[in-house]
Amino acid sequence: MSKAFDIGIEALATASPCEPPAAPAQTSPAGASGFRANEIPASAPNGKSFYIETFGCQMNAHDSEKVAGVLIERGYAAAESMAQADLVLYNTCSIREKAAQKVFSRLGELRYASPRKVIGVLGCVAQQEGEEIFERAPWVSLVCGSASYRKLPELVARLDEGGRRVTGLDLDTDETFETEITRRDNPIRAYLTIIEGCDYACSYCVVPHTRGPERSRASESVLAEARRLAGAGYTEIQLLGQTVNSYRDPSPRGLHFVELLREVAAVDGIRRVRFTTSHPNDFHRAIVEAIDDTPALCDHVHLPVQSGSTPILRAMRRTYTRDEYLEKISWIRAARRPISITSDIIVGFPGETEKDFEQSITLLDAVGYDSIFSFKYSPRPNTSAAAMPDAVPEEEKAARLAILMDRQRQIQIARNEKLVGGTFEVLVDGRHESRNQWAGRTTSNRPVNFTSPRQNLLGEYVQVKITRASANSVAGEQVI
Ligand code: 5AD
Ligand code: SF4
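Note that the coordinates shown come from a computational prediction; the quantities given were computed from them, not determined experimentally.

K.L.:
Would you mind going over the overall build of the protein with me for this structure?
P.N.:
For the protein, the helix and strand inventory stands at 13 helices and 20 strands. Principal axes of the C-alpha set define a box for the protein whose edges measure 60 × 60 × 50 Å. Within the span of the protein, comprising 480 residues, buried residues form 60% of the whole. Side chains of the protein give 57 positive and 62 negative charges; the mean places of these two sets differ by 3 Å.

Encoded structure:
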């Protein structure tokens, strides 16, 4: 599970905002289209089709599901491929430089596409580059950042009427993006945004600039969506937000994050509730207590630390020290349930000395993460760290990343080996035909591959006895 990413080009992610895709299910219990029955109402077709390519994080993956819903509502049909589509949308990521570069190289491939094809850029690159995109790629007609997705129906209507250049680039919003329908691409796990944007100001991060200020959704709207999802047959919901645990209900009920968690977990039919990404600053004991006494809340907390060195954390403006972070970890470790902990770590932040880096390595041992996502620091426009002195050379960043990943790999092997002989509940989400194995996840989000004499297990909860462990997953057989 330990992985390093320079580019985040993923379709369906699992835990971190920039985590790689979950193994996609090869057949969908929701039907060949991958949609669950009552999620997509019929609308009058307008004869046009769309295709969305998604880069980056889970928030983006879920935004694309909602954008697809907006288009389906307007009568668009989902095209099988980009070549067949009348409207092509790139939902982009700019968290690290390579991710942003990749978007422009993909856009370049459409330079000679038919002029009848309408091309749009959504997401973080759209927000960051704005109308400059029209200069760099004049074949683009739509540029819209995520804080303006509320305007998408209107922007698409203008394109339908022949509009050549439409933009949605306002960041100044207190609205969230809600649609009547969402095209869910993952038939096993349903994503549900509860908070958008970010009010922190981590010095390396583009998100406050690209996604705008923090906006929480009204609890009633979140709960209504959770009930609809349960009604459509979903049993697992993942609550999403850049800082999901900063949630504060804007409606008169004024629920705190933990209260919302408990209410979502109490929705009839929901068996697993996940949430990501938690900011350590807003991580309180009450979250651990809720996990401890609510079986439907999953045994997993993704709590990005970013660095193990207090001076670097200060330079990153993370608002906590190494010791404060470790104190929160001790609450999690003191829980009655064995809660798995994962994290994001950046190496080579400006000014990171050998000693600072060593602190990140010792933190890995002190916490004993089940998985981490590790990144080389990448300077980004509109961030204060971009102007900081004492850049760490690229080769040094690469060397530190390799050391970090190697250490984490050892930790994961040791942690996973302890599971051998145990039996765990697994929600089945895929099938490896060539290996004759099913794939799924435990409540703690650990990937499990297993054999079974049974057929048609997708979407089922099964008991699996673990017989083997590796760094990134465990393997076993179904207990019948
Ligand atoms: N360089 C490297 N990694 C970054 N992240 C965010 N911004 C940067 C950057 N400029 C990482 C953080 C964050 C994850 C989603 O991406 O670890 O938690
Ligand atoms: Fe970026 Fe920091 Fe906000 Fe996370 S909390 S999205 S790292 S600014």
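The structure having been displayed, the exposition proceeds.
K.L.:
Would you mind going over the sheet that holds strand β6 (residues 142–144) with me for this structure?
P.N.:
Sheet architecture is open: 6 strands sit in the order β3-β2-β4-β5-β6-β7, paired in parallel fashion. Each of the sheet's edge strands pairs with one partner strand only, and the pair in question is β3 (77–78) and β7 (166–168). Pairing of β6 with β7 involves 3 bridges; the strand directions are parallel. If you follow cysteine 144 over to β7, its bridge partner there is glycine 168.

K.L.:
Can you walk me through empty space enclosed by the protein in this structure?
P.N.:
Any empty space left between the atoms is revealed when a probe the size of a water molecule rolls over them. Per the counting criterion, the structure on display carries 4 cavities of 30 Å³ or more. Roughly 560 Å³ of volume is contained in the largest cavity. Mapped onto the lining of the largest cavity, the elements with two or more residues apiece are α6 (207–211), β14 (340–347) and β15 (371–376). For the lining of the largest cavity, the class distribution of residues is 18 nonpolar, 11 polar and 6 charged.

K.L.:
Help me understand the site of ligand 2, please; the structure alone is not making it clear to me.
P.N.:
Within the structure, ligand 2 sits among Cys198, Tyr200, Cys202, Tyr204, Cys205, Val207, Pro208, Gln242, Thr243, His279 and Arg318. Put simply, ligand 2 lies in the largest cavity.

K.L.:
What is the right way to look at the packing of helix α7 (residues 219–231) against helix α8 (residues 257–265) in this model?
P.N.:
Any two packed helices are characterised by the angle at which their axes cross and by the distance between the axes. Taken N-terminus to C-terminus, the directions of α7 and α8 make an angle of 25°; their axes are 10 Å apart at the nearest point. Relative to α8, the element α7 is oriented roughly parallel. Considering how the two elements wind past one another, α7 and α8 form a crossing that is right-handed. The residues of α8 that touch α7, namely those facing Ser219, Val222, Leu223 and Ala226, are Leu260, Glu263 and Val264. The residue inventory of the contact of α7 with α8, partitioned by class, reads 5 nonpolar, 1 polar and 1 charged.

Criteria and cut-off values
Residues numbered from 1 in each chain as written. Chains lettered and ligands numbered in written order. Predicted model: local features only at pLDDT ≥ 70, side-chain atom pairs only at ≥ 80, totals over all residues. Heavy atoms only, no water. Helix = DSSP H or I, 4+ residues; strand = E, 2+ residues; numbered from the N terminus. Buried < 20%, exposed > 50% of the residue type's maximum accessible area, 1.4 Å probe, protein only. Lys, Arg positive; Asp, Glu negative; His and termini not counted. Charge placed at Lys NZ, Arg CZ, Asp CG, Glu CD. Pairing = 2+ DSSP bridges. 1 Å grid on protein atoms, 1.4 Å probe; cavity = no way out; pocket = protein on both sides within 12 Å on 5 of 7 lines; lining within 4 Å. Points joined across faces, edges and corners; volume = space filled by probe spheres on them. Nonpolar A, V, L, I, M, F, W, Y, C, P; charged D, E, K, R; others polar. Near = heavy atom within 4 Å. Sits in = over half its atoms within 2 Å of the grid points. Axes fitted to C-alpha atoms, helices over the stretch in contact; angles between N-to-C directions. Parallel < 35°, antiparallel > 145°, perpendicular 65-115°, else oblique. Left-handed = near helix turned anticlockwise from the far one by under 90°. Contact = heavy atoms within 4.5 Å.

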